[in-house]
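Single-letter residue listing:
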Amino acid sequence: QKPLLGPRFGIPLLLRGPLMSLVVTCATNFPAAQVCLNSLILTIYIVIQAMARPWKVPLLNWVDACISVLLIQITMQSGIAVSSEAFSDVFGGIVLGMFLGIIGLMLLAVGFAVLQELCA
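Residues numbered from 1 in each chain as written. Predicted model: local features only at pLDDT ≥ 70, side-chain atom pairs only at ≥ 80, totals over all residues. Heavy atoms only, no water.

**Q** Is there a simple way to think about the packing of helix α1 (residues 10-26) against helix α2 (residues 31-52) in this case?
**A** Working note: a packed helix pair is described by the angle between its axes plus the distance between those axes. Running from N to C, α1 and α2 point in directions that differ by 175°, and their axes come no closer than 9 Å. In terms of axis orientation, α1 runs roughly antiparallel to α2. Packed against α1, whose contacting residues are P12, L13, R16, L19, M20, V23 and V24, the element α2 presents Q34, L37, N38, I41, L42, Y45 and I48 at the interface. When its residues are assigned to classes, the contact of α1 with α2 shows 11 nonpolar, two polar and one charged. (Axes fitted to C-alpha atoms, helices over the stretch in contact; angles between N-to-C directions. Helix = DSSP H or I, 4+ residues; strand = E, 2+ residues; numbered from the N terminus. Parallel < 35°, antiparallel > 145°, perpendicular 65-115°, else oblique. Contact = heavy atoms within 4.5 Å. Nonpolar A, V, L, I, M, F, W, Y, C, P; charged D, E, K, R; others polar.)

Printed below as a string of structure tokens:
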């Protein structure tokens, strides 16, 4: 089975950095929104990476995916330390729950892609 993106995987790889920088630039006074949006960008990237399997050696794909998951965890843990004074507690909880749900669904998709790779 051919990888989904193949040689075009460089496009999401090159977009990841500027998108993360754009979030910090646009949401300057909202650190909680920065953390959530950066986590969302990283999660979308890891889903694309799990579907594309850009490296020829399967071990490199696994290592790259694990490093990306750890980067998402570091980002989310840093978000716990950020105070969200600009948001009300209820709205902040709803937004955070929504983003965590989306991230959870995307990580389930990554797990499904991993199982599909193992069974193939």
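Past the structure itself, the notes keep going.
**Q** I'm lost on the packing of aromatic side chains in this one. Help?
**A** Any pair of aromatic rings gets described here by the distance separating the centres and the angle formed by the planes. Applying the stated rule across the entire model yields zero aromatic pairs. The ring centre of Y45 lies 4.5 Å from the NZ or CZ of R16, which sits over that ring. (Phe/Tyr/Trp six-rings, centres within 6.5 Å; stacked < 30°, edge-to-face > 60°. Lys NZ or Arg CZ within 6 Å of the ring centre and 35° of its normal.)

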